[in-house]
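# A structural walkthrough
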Amino acid sequence: MDNSKRTVVVTGFGPFGEHAVNSSWVAVQELKKLGLGGEVDLHVYEVPVEYQTVQSLVPSLWKQYHPQLVVHVGVSGMATTVTLEKCGRNHGYKGLDNSSFCPDSQCCIVGGPDCINSVIDMESVCKRVTASGLGVAVSVSKDAGRYLCDFTYYTSLYLSHGRSAFVHVPPLGKPYSGEDLGRALKAIVQEMLELLDQAEEKIHCQQHFH
């Protein structure tokens, strides 16, 4: 494997409820077509809308790829913009998944903190992507919705000490196409990598001077 390449994993969700076609997975497939440039090894996965699958799949992705960043993408029927989620929450999971299951504890990680923030400054990503004139509206949120999206995000944040991100996309055609969403994801993930690189450089500089 080429060690100079950075590894990024991006996931979308499978169908559930009224979302027979989940725009998050369509958007991720479009991102895969576009790629993230020659420096980035991009892996994409479709995640079933099931708590127990998430509990085993998310750790296996971190273990298998040791990625610099994992970005989870989900659909929100209420969203009209591409929404960057700042944090994942541990408690309040009462909604049943595709297997009619929800965790007895109604939480992601028993004994984990109530809320974990991403190390990525979502406000900054939002500003940069908006300024790039992409033609897709981007916003920031602090509530990923206490369903599989939030559950997946918290699990990933917990495992990665915050090196994860979550992006909510609207359903297809409301108002954006899969191609539009794919372009937006590409711009968003590239900005996130840029910010992570800057943060790493700062840490190296600080270590150098101590």
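Residues numbered from 1 in each chain as written. Predicted model: local features only at pLDDT ≥ 70, side-chain atom pairs only at ≥ 80, totals over all residues. Heavy atoms only, no water.

An unreviewed UniProt entry annotates the protein chain as Pyroglutamyl-peptidase I originating from Scophthalmus maximus. Under the Subcellular location (unreviewed entry) heading, UniProt states for the protein chain: "Cytoplasm". Comment text from UniProt for the protein chain, heading Subunit (unreviewed entry), reads "Monomer." (UniProt positions renumbered as here; feature names shortened; annotations may be inferred.)

Our next topic: the pairing of strand S4 (residues 82-85). Regular strands have side chains that alternate between both faces of the sheet. Taking every second residue as pointing to the same face, both faces of S4 are buried, with Val82 and Leu84 on one and Thr83 and Glu85 on the other. Of the pairings in the sheet, the one linking S4 to strand S7 (residues 138-141) comprises four bridges and is parallel in character. Opposite leucine 84, over in S7, you have valine 140 as the bridge partner. (Buried < 20%, exposed > 50% of the residue type's maximum accessible area, 1.4 Å probe, protein only. Helix = DSSP H or I, 4+ residues; strand = E, 2+ residues; numbered from the N terminus. Pairing = 2+ DSSP bridges.)

To continue, consider the packing of aromatic side chains. Summed over all chains, the structure comprises nine aromatic pairs. Aromatic pair tyrosine 51 and tyrosine 147: ring centres 6.3 Å apart, planes at 90°, arrangement edge-to-face. Placement of the pair is tyrosine 51 in helix H2 (residues 51-65) and tyrosine 147 in the loop between S7 and helix H4 (148-160), with a sequence separation of 96 residues. For tyrosine 51, a relative accessible area of 0% translates into the label buried. Ring pairs connect the aromatic residues Phe16, Tyr51, Tyr93, Phe101, Tyr147 and Phe151, which therefore count as one cluster. (Phe/Tyr/Trp six-rings, centres within 6.5 Å; stacked < 30°, edge-to-face > 60°.)

It is worth spelling out the UniProt feature "active site" (unreviewed entry) in the protein chain at this point. As annotated in UniProt, the feature "active site" (unreviewed entry) corresponds to Glu85 and Cys149 in the numbering used here. The largest pairwise C-alpha distance within this set of annotated residues, which runs over 65 residues, is 10.0 Å, so the set is compact in three dimensions. Lining the largest pocket, from this annotated set, are Glu85 and Cys149. Owing to a relative accessible area of 2%, glutamate 85 belongs among the buried residues under this scheme. Apart from the residues within four sequence positions on either side, glutamate 85 is in contact with Met122, Ser141, Lys142, Asp143, Ala144, Tyr153, Phe166 and His168. On the secondary structure map, cysteine 149 appears in helix H4. The contacts of cysteine 149, once residues within four sequence positions are left out, are Phe13, Gly74, Val75, Ala144, Phe166 and His168. (1 Å grid on protein atoms, 1.4 Å probe; cavity = no way out; pocket = protein on both sides within 12 Å on 5 of 7 lines; lining within 4 Å. Contact = heavy atoms within 4.5 Å.)

Quick look at the pairing of strand S8 (residues 164-169) now. With respect to burial, S8 is a largely interior element, six of its six residues being buried. Of the two faces of S8, both are covered, the one formed by Ser164, Phe166 and His168 as well as the one formed by Ala165, Val167 and Val169. As defined by bridge partners, strand S3 (residues 69-75) adjoins S8 across six bridges and the pair is classed as parallel. Paired with glycine 74 across the strands is histidine 168, a residue of S8.

H4 packs onto H2 with a crossing angle of 35° between their chain directions and a minimal axis gap of 10 Å. Along this stretch, H2 crosses H4, giving a crossing that reads as right-handed. Residues Tyr51, Val54, Gln55, Val58, Pro59 and Trp62 of H2 lie in contact with H4, whose contacting residues are Leu148, Phe151, Thr152, Thr155, Ser156, Leu159 and Ser160. Of the residues in the contact of H2 with H4, the class split is eight nonpolar, five polar and no charged. (Axes fitted to C-alpha atoms, helices over the stretch in contact; angles between N-to-C directions. Left-handed = near helix turned anticlockwise from the far one by under 90°. Nonpolar A, V, L, I, M, F, W, Y, C, P; charged D, E, K, R; others polar.)

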